Structures are given as structure tokens and as C-alpha cells.
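What follows is each chain in one-letter form.
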Amino acid sequence: MSLLVVGLSHRSAPVSVLERASLAADTQAKLLQDTLAAEPATEAAVLATCNRIELYADVDKFHAGVAELSTLLAQHSGVGLDELTPYLYVHYEDRAVHHLFSVACGLDSMVVGEGQILGQIKDALARGQELHTAGRLLNDLFQQALRVGKRAHSETGIDRAGQSLVSFGLQQLAAGADPGLWAQGKRALVIGAGSMSSLAAATLARTGVAEIVVANRTRSRAERLVEILQQGDDTTVRAHAVEMSAVGDELTRADVVVSCTGATGLVLTADALADALGVTLDAPAEAPAVTAVPAPADVDQHAAWVENGSATSAPEAPRRITLPAQSTGPVKLALLDLAMPRDIDGAAHRIDGVRLVDIESLADASADAPMAADVDQVRTIVADEVAAFGAAQRAAHVAPTVVALRTMAADVVAGEIARLDGRLPDLDEKQRAEITQTVRRVVDKLLHAPTVRVKQLASEPGGAGYADALRELFDLDPQTVAAVSRADLNDPNRGRS
């Protein structure tokens, strides 16, 4: 296993950089295809969410892999490599496994313990399978990550340590009040009908808003979301769908707006919001000072850090620019922007009566959120699962050699039985069957102990060489072993849920 991950997240980069580096669905597909076409990579998967972009690959050369994956991320994100490099982190082999398992458990999320990341990991795996860029290693890795994440949520109270990004955002909009009491009787506008918008609409309905209006570029998807909301047994919320062109009119009647679309530009400008409220947009406040960004580290430095074990990420980067304080007057319109890149103009905070919560402010708020004691239990689960995954991968590495050895032994037995038939043609079927079974039992007993032992030894750290030793001792044809590996890899049932 030579697993490598290169990425950036809310922990390593300011939201402004994450926003610029976000990848559309078609760009993700092109990134995967280009990664697979690159010399160091044989498999690839991309995990892209509103607060992380990570490229996973099975590589045969570490330094070349780091350089290639970093370059590809820069090319497809549109952010220059020199600018992107200081915010990139690199994880390799067991550390890469540990990172993904931690992500799956919600330990690396903006809101610790949130479970939405599991769906995003599942989507990343499905994309890799659909494009045939995820092979044996990444199929096994992402499938196991999903199981580890589910285990963490079922066996611990990690859910108490965090909540969905939507719930956390609504909590911030409520500004200390009980979200249920705050939402009571309010009219909500949800812009978008994707997975995050659907979660937002469902959360708003459970929280107690009186009415939800769903606007989406494709009207049918908005109507489908409305149907789902009205079918819920735990809510009596009124809901209906509108065209995107009706958003301006709906803003004049809304109390809460949640927006999460895949648009590359702003969906709601500050001017449009001011017009909807019938107010004048204040003059821009003086721009806040920006903390100096450290000089870019080069890609080779990333590789050196990982190889020496002294670090797995770039130097701590300035997290974000803090916007001027929002109005302290009564809130007429509460805005929650969950899109990356942003849907709502950041200048909306200057509109009297508007409260804006976006990914950037959520990151600030979550940084100070207390962590539950269950987090330590989840970390133990992750450590155990990483060890188990590594052992299973090392054992799997020797399996094709063991299969090739047993195939060779079976061929030897068949050849000897055929020779015996020629020398003793008068044997009846019962005698021939008994002799054949006896020879097979002898061979099986001779091979049992060494093959079981070599699997045990191979599963331990540093056990990769036992497969080579077995091939040498029994003079196995490397092409035969490779053929067994290919047959296993091409198994149509492998890596599917």
C-alpha cells in the first residue's frame, strides 16, 4: 500500500482560499481522470466538501506523487501552485488512513461529530467507482472509512459533541436564544434543492418554522423536496416551490433565508437584499487588516516533512479575515449561507436589520465549541481501525502468492495422478479416488502451516517481504501471481456496498 493524500481544509486554509479552490462536479471528474493518467498514480478519489478538498491516490513514488497531486490540485482549482502550497497538507500510508477515518468520524469537521461527512465520503467513493478511478485500495479504504464512521456514531456519544452544519448555523442565527423558540412562526426561503439544501429544509421544518419556500433552478427538484417535507410525520410545515426568478419577491416576505447552490457566482447580492428590505446599503467600512501570509513552502518541503515524520501539514496559516461587526439592531432578515463558493454577498452584513452567518463565521464559532469526552473514545476507535486496516492490507498483499502456491501444488498433484494412471491402468475408480484424495490431503497438510503462518507474518508491520520470500522459496512464476491479483481486482462484486 502506498496511499497518499494531498489536500486543504478549514483547518489549514482561510475560507477565502477554500472558496476559490472549490471544485465543480465536472472539474472533479476531470481531476480524477488526469490523476490516473499521471505516472505516479494507479488509483484516485477526490473528497470535496464545503470545507475540504482532498485528493487520494495509490502512488508508486512518494516525492513524485506529492509533486504531481499538488500540481493537479492547483491546475484544476485555478489557484496558483505557489499560492496554494502553504495551505496544503500531506499524509502518507498509515497516516493517510488515520486522516480519512478521523474525517469519517467527524473529528476533523468544522462542527465536531457531524454525520453529514459520511454521505460525502460515500459520494466520493461512488464517483471513483463510476469513473473507474478507484481500484482495490481506495475501494477498501473508503468502504472501511464508512464503517468506521458508522461505528463511531453508534458506539459513542460523538453526536453529542457536534451537530449538522445546518443546525449549528441556525443556532448561530438564533444568537443564544433557543432555536425552536426563535424559529417559531417564521417564514423560511431555501435556495437550492441539493443534499445540503434538503437537509436545511428538513432541519427548519423540525425546528418549527411555519412555512418553507423552496427555490431552485430546476423547478421539478424543488417540487420534489416540497413533497418530501409535506410527507414528514414530525412536522406540519407549509411548503411550496417557486422558480429562481421569484427569489426577489420571496425575499420581501421571508424571515430566514438558507442558500446552498452550486452556482459559481453570487446568488444574492447586497443590493438585491437591500432592495428587498427597502433600505439603503451602508457605505463600505474600512477594510480590516490582513495578517501576512507566510512565504510559500515548496512541494519538496512537504514531502520532506512527511518522510521525516516531523510534520504532516504546512505551517499554520492565517485562518481567515474577520468582517466588521454586524448591526446590533433588531434582525429583520436572517441569512445562512452554506455554499462554497459563497452564494450570499459578504457585504450583506452592512445592511441594517440583516444578520449573516456563512461558512467563515461558522468556522470562527466552532473553533471555540466545547468537545465532548466521547471524542477520546472515538480517537481510540480510529487508532484500532487503522491498525486493523493496515494488517488486512498487508495480509491481502500475500494472498495472491498463497493462491498461486496452492494452484501450483494442485497442478503437481494432477500431473502425478495422471502419471499414476498411465503406470497402473488397472486401478478401479474407487482405488483411483482414494489415492487422489490421499495425495491431496498430504499436500494440503504440508502447505497448511506455512501458508497460515505467512499470512500472520505478512499482516504485521514490515511483513510485506514475506510474499517475496514465498515466491523465491517455491520458484513461483511472478506472472501467475499477477494474474491472481488481476482476477481479484476485476471481481465485479468487490468494493460494492
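What you see is a predicted model, and the numbers here were worked out from it, not measured in a lab.

Novice: Looking at this model, I keep getting lost on the overall build of the chain. Mind explaining?
Specialist: Helix and strand content of the chain: 20 helices and ten strands. A burial count over the chain gives 48% of its 497 residues as buried. Residue pairs at least 24 apart in sequence account for 75% of intrachain contacts in the chain once pairs closer than 6 positions are excluded. Of the roughly 23,400 Å² of accessible surface on the chain, 51% is carried by carbon and sulfur atoms.

Novice: Help me understand the environment of Val443, please; the structure alone is not making it clear to me.
Specialist: Secondary-structure assignment places Val443 in helix α18 (residues 429–458). Expressed as a C-alpha distance, the spacing of Val443 and Val412, which sit 31 residues apart in the sequence, is 9.7 Å.

Novice: I tried to follow a nonpolar patch on the surface on my own but got confused; where do I start?
Specialist: Together, Met408, Val412, Leu473 and Phe474 give the surface a local cluster of nonpolar side chains, amounting to about 370 Å² of exposed area. Tracing the backbone through its elements, the reader meets Leu473 in helix α19 (residues 465–474).

Novice: What is the right way to read the pattern of salt bridges from this model?
Specialist: When the charged atoms of two side chains with opposite charge come close together, those side chains can pair. All told, the structure shown has 23 salt bridges when counted by the stated rule. Across the pair Arg151 and Glu385 runs a salt bridge whose closest N-O atoms are separated by 2.8 Å. Taken as a pair, Arg151 in helix α7 (residues 136–155) and Glu385 in helix α17 (residues 374–423) lie far apart in primary sequence, 234 residues in all. Owing to a relative accessible area of 13%, Glu385 belongs among the buried residues under this scheme. A single network of salt bridges, built from pairs that share partners, joins Arg187, Glu211, Arg238, Glu250 and Arg253.

Novice: Whenever I open this one, the environment of Leu131 confuses me. Can you help?
Specialist: Mapped onto the elements, Leu131 comes out in the loop between α6 (116–130) and α7. Between the C-alpha atoms of Leu131 and Ala45, which are 86 residues apart in sequence, the distance is 9.7 Å. The residues touching Leu131, leaving out its near neighbours within four places in the chain, are Ala29, Leu32 and Gln33.

Novice: Explanation requested: the packing of α6 against α7 in the structure shown.
Specialist: Two measures define how a pair of helices packs: the angle their axes make with one another and the distance between the axes. For the pair α6 and α7, interaxial distance at closest approach is 10 Å and the crossing angle is 165°. In this view, α6 runs roughly antiparallel relative to α7, as classed from their interaxial angle. As for how α6 packs across α7, the hand of that crossing is left-handed. Between α6 and α7, the contacting residues are Leu118, Ile121, Lys122, Ala124, Leu125 and Gln129 on the first element and Leu138, Asn139, Phe142, Gln143, Ala145, Leu146, Gly149, Lys150 and His153 on the second. Taken together, the residues of the contact of α6 with α7 sort by class into eight nonpolar, five polar and two charged.

Calculation rules
Residues numbered from 1 in each chain as written. Predicted model: local features only at pLDDT ≥ 70, side-chain atom pairs only at ≥ 80, totals over all residues. Heavy atoms only, no water. Helix = DSSP H or I, 4+ residues; strand = E, 2+ residues; numbered from the N terminus. Buried < 20%, exposed > 50% of the residue type's maximum accessible area, 1.4 Å probe, protein only. Contact = heavy atoms within 4.5 Å. Areas by Shrake-Rupley, 256 points an atom, 1.4 Å probe, with all protein chains shown as cover. Patch = residues over 30% accessible without salt bridge, like charges linked within 9 Å, V, L, I, M, F, W, Y side chains within 5 Å. Salt bridge = Lys/Arg side-chain N within 4 Å of Asp/Glu carboxyl O. Axes fitted to C-alpha atoms, helices over the stretch in contact; angles between N-to-C directions. Parallel < 35°, antiparallel > 145°, perpendicular 65-115°, else oblique. Left-handed = near helix turned anticlockwise from the far one by under 90°. Nonpolar A, V, L, I, M, F, W, Y, C, P; charged D, E, K, R; others polar.

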